[in-house]
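Summary of structural features
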Amino acid sequence: MPTSRPPVSPAAAQPSRLEATLTRNWLRRGPLARALWPLSQVFRALAALRAALYRAGWLRSTRLAVPVVVVGNIFIGGTGKTPLTIWLVQALRQAGMRPGVISRGHGGREEGARAVTPASSAREVGDEPLLIARRGECPVMVGRDRAAAGRALLAAHPEVDVLIADDGLQHYALRRDVEIVLFDGRATGNGWLLPAGPLREAATRRRDFTVVNTALLTDALRAAVAGPGAVLTQMQLVGDYAERLAGGAERRPLAELAGSRARIVAAAGIGNPERFFGMLREKGVRFAELPLPDHHDFLDRPFAGVDADIILITEKDAVKCAQIEYLKDDPRLWVVPVTARIDAVLAQQIVEKCRGQSTA
């Protein structure tokens, strides 16, 4: 089957036309980006003023009782933060630390802090925190106020001696000891801030570590994302097999699917679906693409009109599909788990920063 869009029902939610237009234009300095450039200068000034007010103490920032490691990005959308967070939880645990994770929890309905367990509802706590709780096997707490979520987690789990703030880079109300900024192969796009470009903050923003989620780290990519004084490390997401959503124990190597004559569709409701599709292509899998909006809730039955024997989905989408009656037993759905592969030296450096209480 050639790589193309599959036939889907009219109700299937695709990324909005506006979102698709902006995403394309954020990668180049075309007419639309140039027209929006004046607004990006206003955004830049407001972002810089907000950061300065926190640094000066005019806006309140809370320090927690344990070191805080922030994992985030300045490129809007998905760059691979969840796999990086899971890797960091496991690496810190291997180093003898006892990590916990705090997150805003996309789509969460409650104002206060809420504990996340492997049995939690993705609609209540968010798909990414639920995946972290399951794969990381660590305490996870979600809440709009990250500092309050951190205090609640430490009260419930006093053994935790380091907190990882998932996607909290711009949440300056929480002080941090280590900052990790994650990029992917798109680097900084056209290099401009929102809305003319994809950046929330300037690419020259200081941080402790820069991680690049890419299979090929070129000199040009390295130069585009390198932060002042930051250690730069490459991350690769590796997936070798698919497991059936209904049943779980049945697995098929992706190499086997590459030689299959089955009709295969790959669907992804993540920030950058092309990253998932590209990984499958590298394994030789032939499929039709079905990109969905990030954090898609699947209540619109996007697979109802899909003519396929196998539908490959991401782990992030799987935690939601497994909790939906009409999807959890769909025999076509196969989950492709991915694991972050990163130089172990990064974990050692982060541990040293945490124990030295180096303030970012």
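My aim in this report is to walk through the structure given alongside it, one point at a time. It should be emphasised that the depicted structure is a prediction, and the values quoted were computed from it without experimental measurement.

What to know about the nonpolar core
Ile180, Phe276, Leu280 and Leu312 are the most contacted members of the largest nonpolar core, which totals 56 residues. It is helix 3 (residues 81–94) that contributes the most residues to this core, seven residues altogether. Residue contacts for leucine 312: discarding those within four places in its chain leaves Ala242, Leu257, Ile264, Val265, Ala266, Ala267, Phe276, Leu280, Val285, Trp334 and Val336. The next biggest cluster of nonpolar side chains, apart from the first, holds 27 residues, and it includes Val66, Ile74, Leu154 and Phe183.

Observations regarding the environment of proline 195
Relative to the assigned elements, proline 195 resides in the loop between strand 6 (178–184) and strand 7 (209–213). If we ignore the near neighbours within four places in the chain, the residues touching proline 195 are Leu22, Trp26, Leu36, Leu39 and Ser40.

Overview of the packing of helix 3 against helix 12 (residues 345–356)
To characterise two packed helices, one gives the angle between the axes of the helices and the distance between these axes. Running from amino to carboxyl end, helix 3 crosses helix 12 at an angle of 70 degrees, the nearest separation of the two axes being 10 Å. When the axis of helix 3 is compared with that of helix 12, the two are roughly perpendicular. Every residue of helix 12 that contacts helix 3 at Trp87, Leu88, Ala91 and Leu92 is listed here: Leu346, Ala347, Ile350 and Val351. The residue makeup of the contact of helix 3 with helix 12, split by class, is eight nonpolar, no polar and no charged.

Reading the values: rules and limits
- Every chain's residues receive numbers from 1 upward, in the order its sequence appears when written.
- Two thresholds apply to this predicted model, a pLDDT of at least 70 for residue-level local features and 80 or more for giving and counting side-chain atom pairs, whereas whole-chain, interface and lining totals are computed over all residues.
- As a rule here, side-chain values cover all heavy atoms of the structure and leave hydrogens and water aside.
- Here the nonpolar core consists of buried residues drawn from Ala, Val, Leu, Ile, Met, Phe, Trp, Tyr and Cys, with membership extended through side-chain atoms lying within 4.5 Å.
- Each residue gets one of three labels from its accessible area relative to the maximum for its type: buried under 20%, exposed over 50%, partly exposed in between, using a 1.4 Å probe on protein chains only.
- The numbering of helices and of strands both runs from the N terminus, where a helix is a DSSP run of H or I of at least 4 residues and a strand a run of E of at least 2.
- Only heavy atoms matter for contacts: two residues are in contact if any of them lie within 4.5 Å across the pair.
- What counts as an axis is a line fitted to C-alpha atoms, over the stretch in contact for a helix, and the angles between N-to-C directions run from 0 to 180 degrees.
- The labels follow the angle: roughly parallel below 35 degrees, roughly antiparallel above 145, roughly perpendicular from 65 to 115, and oblique for the rest.
- Under the convention adopted here, Pro, Cys and the residues Ala, Val, Leu, Ile, Met, Phe, Trp and Tyr are nonpolar, Asp, Glu, Lys and Arg are charged, and Gly plus all remaining residues are polar.

Don't take any of this as a statement about function, it's just geometry.
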